[in-house]
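# An overview of the molecular structure
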Amino acid sequence: MWTLGILRSELTLTLRRWRTLALLGVLAAVPVLIGIAVRIETGHGASPGPDGSGGTAGPAFLSQVTNNGLFLVFAALAATLPVFLPMAVGVVAGDAVAGEASAGTLRYLLVAPAGRTRLLLTKYASVLVFCLLATLVVAASALLVGLLLFPVGEVTTISGTRIGFGEGLLRAGLIAVVVAASLIGFAAVGVFVSTLIGSGIAAMAATVGLLITVQIVDGIPQLSAVHPYLFPHYWMSYADLLRAPVYWDEVVKNLGLQGLYAAVFGSAAWARFTAKDITA
């Protein structure tokens, strides 16, 4: 009960921050902008090409949005997953411990009979809840905009088969959960960085900077040997959930890699935090 009380307090504090609300607002606005842009483009008599928008590059699934608004969910997740979603998670994770230290409240939290391990687990759990919430905000916003601006109906899978709208909606929910789970490894990295730095702003900047660096490395063909070990490498594997039958290999690799990162960097964060001299 004490642990649940701490978690509830942590979630309330996190979700009441203007910074968190602003991040969620930006994430909710991305599907709106994509939907309006596609609607305006098709309203002028043009239709998106295979690349998604009249011959210019765009997020995956964008070319199918005009035929079925449900595809806006998949397109919005494809647009936000490489940058916006992980950056939002990086801000929250980087501030988890370092923000308390810089504000001078971490020492007072440890006075409570929770213990450092339980407090760190609570901080990480609150970051994971934010991962799920942020992903659901994107998916819900995209679904609402898709229903308002575009027709809906049967969904054509990547395999070329057709499934009902209800099953397509279930696939969209499953994809949202998988996308949220794809961020648990990076969330653990962010919490670990937060235990190393005493400034919330510096920890957030370091976490986001690390994200950008890893993504750059993942995009360099000459370093392909290390790509399968980088946490963002399998992020887009969620597209395999739109196959019939579902192709699970890449999804399982992604979830396994995220679990490995969570275990390694979670342990490192615990080792650092439990031995750290708390002076603020």
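Numbering of residues begins from 1 in every chain and follows the order in which that chain's sequence is written. At least 70 in pLDDT is required for a residue's local features to be given in this predicted model, at least 80 for side-chain atom pairs to be given and counted, and no such filter applies to totals for whole chains, interfaces and linings, which use all residues. For the side-chain quantities, the full set of heavy atoms in the structure was used; hydrogens and water were omitted.

## Quick look at the pattern of salt bridges
- Salt bridges are defined by distance alone: a side-chain nitrogen of Lys or Arg within 4 Å of a carboxyl oxygen of Asp or Glu. Summed over all chains, the structure comprises 6 salt bridges.
- A salt bridge links arginine 19 to aspartate 95, with the nearest nitrogen and oxygen atoms 2.8 Å apart. With arginine 19 in helix α2 (residues 18–43) and aspartate 95 in helix α4 (residues 84–103), the pair connects residues that are 76 residues apart, well separated along the chain.
- Aspartate 240 is the salt-bridge partner of arginine 243, the closest N and O atoms lying 2.8 Å from each other.
- Burial classes follow relative accessibility: with a 1.4 Å probe on protein chains only, a residue under 20% of its type's maximum area counts as buried, one over 50% as exposed, and anything between as partly exposed. Assessed through its relative accessible area of 30%, arginine 243 is described here as partly exposed.
- Taken together, the salt bridges that share partners define one network made up of Arg17, Arg19 and Asp95. Under the scheme used here, helices are H or I runs from DSSP no shorter than 4 residues and strands are E runs no shorter than 2 residues, and both carry numbers assigned from the N terminus.

## Here's the deal with a nonpolar patch on the surface
- Where nonpolar side chains cluster on the molecular surface, the patch consists of Ile212, Ile216, Ile220, Leu223, Val226 and Tyr229 and spans about 530 Å² of accessible area.
- The topology assignment puts isoleucine 212 in helix α9 (residues 200–218). Each patch is built from residues lacking any salt bridge and having more than 30% relative accessible area; the joining distance is 9 Å for like charges and 5 Å for nonpolar side chains (Val, Leu, Ile, Met, Phe, Trp, Tyr). Note that accessible areas follow from Shrake-Rupley with a 1.4 Å probe, and for residues the cover is restricted to the protein chains shown.

## Focus on the packing of aromatic side chains
- Working definition: a ring pair exists when centres of Phe, Tyr or Trp rings (six-membered ring for Trp) sit within 6.5 Å. Plane angles under 30 degrees give stacked, over 60 give edge-to-face, the rest tilted. Counted by the stated rule, this structure contains 6 aromatic pairs.
- Plain terms: the ring middles of phenylalanine 231 and tryptophan 235 are 5.9 Å apart, the flat faces sit at 50 degrees to each other, and that makes the pair tilted.
- A residue is classified by how much of its surface remains accessible, and phenylalanine 231, at 3% relative accessible area, is buried.
- An aromatic cluster is built from Phe186, Phe192, Phe231, Trp235, Tyr261 and Phe265, whose rings are joined through pairwise contacts.

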